[in-house]
Structures are given as structure tokens and as C-alpha cells.
Amino acid sequence: MSSLNQKNVLLGVTGGIAAYKSPDVVRRLRDAGAAVRVAMTANAGHFITALTLQAVSDQAVYRKLLDADSESTMGHIELARWADVVLVAPATADFLARLAHGLADDILTTLCLATEAPVAVAPAMNQQMWQHPASQENLATLRARGVSVFGPAEGSQACGEVGPGRMLEAADLAERLSALFESGALDKVKVVITAGPTHEAIDPVRNITNRSSGKMGYAVARAAAESGAEVVLVSGPTYLSCPRGVRRIAVTSAAEMHAAVLREIADADVFVGVAAVADYRPEKFHPQKIKKHSDRLTLELVRNPDILAAVAALDNPPYTVGFAAETHNVEKLAREKLLKKGVDMIAANQVGDIDIGLESDENALTLIDRGDAVSLPRMNKDKLARALVAEIANRYCAKSRSKNPRRARR
Ligand code: CTP
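In every chain, residue numbers begin from 1 and rise along the written sequence. The predicted origin of the model limits local features to residues at a pLDDT of at least 70 and limits the giving and counting of side-chain atom pairs to 80 or more, whereas totals for whole chains, interfaces and linings rest on all residues. With hydrogens and water stripped out, all remaining heavy atoms of the structure feed into the side-chain values.

**Topic: the overall build of the protein**
Check the secondary structure of the protein and you find 15 helices and 19 strands. With the C-alpha coordinates of the protein rotated into their principal frame, the extents come out at 90 × 45 × 35 Å. Working definition: with a 1.4 Å probe on protein chains only, accessible area under 20% of the residue-type maximum means buried, over 50% means exposed, and in between means partly exposed. Counting across all 410 residues of the protein, residues that qualify as buried make up 50%. Counting contacts in the protein only where the partners sit at least 6 residues apart, residues at least 24 apart contribute 67% of the total. To measure how exposed things are, a 1.4 Å probe is used in the Shrake-Rupley method; for residues, cover is taken only from the protein chains shown. For the protein, the exposed area adds up to about 19,700 Å²; of that, 50% sits on carbon and sulfur atoms. Neither His nor the chain ends contribute to the count of charged residues, in which Lys and Arg are positive and Asp and Glu negative. By convention, charge coordinates are those of NZ in Lys, CZ in Arg, CG in Asp, or CD in Glu. Of note, the protein has its 49 positive side-chain charges centred 5 Å away from the centre of its 47 negative side-chain charges. Helix numbering and strand numbering both begin at the N terminus, where a helix is a DSSP run of H or I of at least 4 residues and a strand a DSSP run of E of at least 2. Note on definitions: a residue-residue contact is assigned when non-hydrogen atoms from the two residues lie within 4.5 Å.

Laid out in C-alpha cells, this is it:
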């Protein structure tokens, strides 16, 4: 049974050509057992009639903020309370901008502000409008506020151009909306995460390490566990306590981390490499403390195994996510890393002269996969980790649906 069964869905329709698909969206939602009420903007009326939406939803359609007829059926505040979820499909660039700025000058924006229910949007617009920094910034603002973004898909557009901006199909939207009500987006999914620094021993009292605090990796582990995943956290030395519901494997060196990950990865569905793994280790471990006999000391270093690349190169790899900390050209270098390591996604952040990242409580990420980059703006690491895990869950689900699903094999 769909988790939309007996849910109240408020469908918002805005003025884009994809509004012609809205009756089908209503039909799919009702097929899944949901009660659907529709609110449409004035411009939506240029593409689809209220009468059609009324006929398929079997309910009066809300078109104006202060419309005596529809207010007499259910006032707009009551409607905002009635909804278990709000889906705006299609969501135009103009609507996303107005929502991002908190306008409440029509029925739909007002409902979105007045509701406590989760809000999801299915953007649909010309590909240049989609790629415009203004649209992307509005999207980032909405994501940071917890709005779910479904799509858009790529392909040929009504305007004759080809690119990202097509609204997802009705069946896909119904499925994604239903996923919001599942008990956890990562239920029955095994996630292996590396976190923290590694210590590469020189002698019994000295080692080579880095400034990683482990906070980001631990936040990702916590967020994944909250989403229902079985989480294994392979952690280098940190002072952090193990998040609730997470199984921690404590390691010291990159070699130990590598071995622990390989032991856990065979039945894992998702791997997230957050650890700042030392790229090199001393070739020789001095079993006794090195004494200062001379003015110079040379340490010979050798390369450590690349854990992330090793996981991505497995025969049947999990959905693999790497992190990249760059001081400049973040997106370009992250894209190169994505291809070089053969991973599904890179979460990139800028480090260096800004006070976020490594030891800080805040961070900002740019998510790079084979499609468009998605920005998660600066916020505290717990919030950011939740947004990152939601993005990973979405993409992992899409990938496991499109190919032999690992989840289904269990
Ligand atoms: N990683 C890993 N094993 C290593 C090195 C890195 O699993 N031996 C993972 C990290 O956990 C992170 C990603 O790879 O997910 C970082 O990639 P890397 O190329 O090491 O990034 P940088 O250290 O930024 O590399 P470079 O110095 O080449 O920019």
C-alpha cells in the first residue's frame, strides 16, 4: 500500500506549460489513496482550466486568496492545516522566487507560508532560466529551509531547447511524494561512513595527522541513522562520542581504516568517505623513540591506499560519495575528482581563508554528480548533514530503481 494512502495532499499548480500534466498528477495521487485539493495561480489558468482540475480532484479549486466561494468550502488557513503535504507541480521560476522571498500575495504562496506540512516543489522551466544563478540561489534557500525539490528532468522542451527544466512525470512525482512519508528515507539501507583524521605513526610517540575534527562525518552518521539506515562509522581518532544507533569501528591509521571498510562494504548499499585520510605514511616505523642526534631528519613517505577509489572500483559498488576540500576552483576540481575516482557524487567544500570547514561547526557544500551541481548553503554541520543525507537518499533510490536494486535482493 502506498504511504500516500489517506493522506491529504494540497497540489499547487503554477503557470507553466507543464500544467497540462497536472490532471494526471491529481489522478496518480488519488490512485495512491490520497485526498487531493488543488490551488492554482492566476497564470496557471492560461494553461489548464479550473474546471478540469475540479473534475479530476472532485473538489472545488482554490484560485484567489479571498474568494467568497472557495472560502465558504474551507477557509485558506483551514486548508493549510488540512494538508499533510503540499506539492507544487509545476513550480515556475517566478513561483520559486516568490516562495524563497516569503511573498504571500496569492492563494498558493499564502498557503505555503501558512502550512506546517512539508512542502515539495517540482520545478519546470526553460533550461536557461533553470540554470540562472538567481533560480539556483532561490532553490538553495528553499532546500536549506527543508523544501524537497523533485527534478527537473532533462530533455527537449516546449520552447524547442534541450536541457534541464522538464517537470518530472506524474507517476514519478507521486512516488517521490510517497517516499516522504516512509518511516525513513534510508530504511533497510546499510551505510558505511569514514570520519575523522588518520594518524600515521613515525615512532611510538609521534605521528603525522591533519586538522580534521570528525564533526562532519559524525553528523552524516547521525543523520543517516535518523533516516532509518544501519550505519557503520569507521572513525579515525577523535574526541566525539558515537551517535545513537550507530556502530562505530575505531581505527588509527589509513591502512586500518582501509581494512575495516573492506570488511564492511560487501553488503553495504551506500558508502560516504568523509575522513581526511592521510595520503602518505612513513615508510618505516621506528619501534623506539627517535632521538635528536643530528640537525636534519629525513622521513621517507609512501602512498596510502585510496579507500574511496577502492570502494568505487569494486565489482558491484555501493552508491559511493566522496568529499573534496579545495581552496579554489571548487566545482571544476570536484568534477575532475568525480571522474578520476569513479564515484557517484562528490560533496565539495571550500577550505582555506574562510572560517568554515575542517574544525568549524559550520560548513557549506556543493554536490557534484553527472548532472547539475546542487549548492547546500552555509549552515551548522548537523543541519547540513541532514540535507546531504536527503540528497543521497533521493539519488540512491533513483539509481537502485533504475538498475538491479540491491535492496530488493535482500
Ligand atoms: N580518501 C580516501 N582514501 C585516501 C584519500 C582520500 O578514501 N587515501 C577520500 C576522502 O575520504 C574523501 C576523498 O577521498 O572522500 C578526498 O579525495 P582526495 O583526492 O584525497 O582529496 P584531497 O585530499 O583533497 O586530494 P588532493 O590533494 O589530490 O586534492
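**Overview of the site of the ligand**
Distances are taken per atom, and a residue is near a molecule or strand as soon as one of its heavy atoms is within 4 Å of it. Around the ligand sit 13 residues in total, of which Gly273, Ala275, Pro305, Leu308 and Phe323 are the nearest. Polar contacts, as used here, are pairs of N or O atoms within 3.5 Å; protein pairs need one atom able to donate a hydrogen and one able to accept it. Residues neighboring in sequence count only if both atoms are side-chain atoms. The backbone of Leu308 places a nitrogen or oxygen atom 2.8 Å from an oxygen atom of the ligand. Between Lys341 and the ligand, the recorded distance is 3.0 Å, taken from a side-chain N or O atom to an oxygen atom. Considering the ligand on its own, with 590 Å² of exposed area, one finds that the protein chains cover 75% of that surface. When contributions to the shell around the ligand are tallied by element, the ones reaching two or more residues are α12 (307-312), β16 (319-326) and α13 (330-341). For the shell around the ligand, the leading source of residues is β16, giving 3 residues.

**A few points about the pairing of strand β2 (residues 35-40)**
Along β2, 5 of the 6 residues are buried, which leaves the element largely enclosed by surrounding structure. In terms of strand pairing, strand β1 (residues 8-13) meets β2 through 6 bridges, oriented parallel. Bridge assignment links Leu11 to a residue of β2, and that residue is Val38. Seen with its strands pointing away from the viewer, a crossover is right-handed when the path leading from the first strand over the helix to the second is clockwise. The parallel pair β1 and β2, bridged by helix α1 (residues 22-31), forms a crossover whose chirality is right-handed. Any two strands between which DSSP finds at least two bridges are classified as paired.

**A word on a nonpolar patch on the surface**
Residues enter patches when they are more than 30% accessible in relative terms and free of salt bridges; like-charged ones are connected within 9 Å and nonpolar ones (Val, Leu, Ile, Met, Phe, Trp, Tyr) within 5 Å. By definition here, a salt bridge exists when the distance from a side-chain nitrogen of Lys or Arg to a carboxyl oxygen of Asp or Glu is within 4 Å. On the surface, Tyr280, Leu297, Leu299 and Leu301 cluster together to form a nonpolar patch covering roughly 370 Å² of accessible area. With respect to the element layout, Leu299 can be found in the loop between β14 (280-282) and β15 (301-303).

**Description of the nonpolar core**
Only buried residues count toward a nonpolar core. Its members are Ala, Val, Leu, Ile, Met, Phe, Trp, Tyr and Cys residues joined through side-chain atoms within 4.5 Å. Leu186, Ile193, Val220, Val272, Leu365, Leu376 and Leu388 are the most contacted members of the largest nonpolar core, which has 38 residues in total. Looking at this core element by element, the count peaks at 9 residues for helix α14 (residues 381-402). Counting 32 residues, the second largest nonpolar core, distinct from the first, contains Val13, Val36, Leu87 and Ala170.

**Examining the packing of helix α5 (residues 93-100) against helix α8 (residues 133-144)**
What describes two packed helices is the angle between their axes and the distance between those same axes. In the contact formed by α5 and α8, the axes pass within 9 Å of each other and the chain directions differ by 50 degrees. One finds that α5 runs oblique with respect to α8. When the axes of α5 and α8 are compared, the crossing they make is left-handed. Touching Ala93, Leu96, Ala97, Leu99 and Ala100 of α5 are Ser135, Asn138, Leu139, Thr141 and Leu142, all from α8. Taken together, the residues that form the contact of α5 with α8 break down as 7 nonpolar, 3 polar and no charged. Fitted lines through C-alpha atoms serve as axes, helices being fitted only where they are in contact, and the angles separating the N-to-C directions of these axes extend from 0 to 180 degrees. The scheme is simple: roughly parallel for angles under 35 degrees, roughly antiparallel for over 145, roughly perpendicular for 65 to 115, oblique for anything else. Crossings are classed by handedness, with left-handed meaning an anticlockwise turn of the near helix from the far one by less than a right angle and right-handed meaning a clockwise turn. Side-chain classes follow a simple rule in which Ala, Val, Leu, Ile, Met, Phe, Trp, Tyr, Cys and Pro form the nonpolar group, Asp, Glu, Lys and Arg form the charged group, and the remainder, Gly included, forms the polar group.

**Some details on the pairing of strand β8 (residues 190-195)**
Most of β8 sits out of view: 6 of its 6 residues are buried. Bridge count between β8 and strand β11 (residues 230-235): 6 bridges; the pairing is parallel. Counterpart to Val192 in the pairing with β11 is Val232. Here β8 runs beside strand β13 (residues 270-273); their pairing, made up of 4 bridges, is parallel. Opposite Val192, over in β13, you have Phe271 as the bridge partner.

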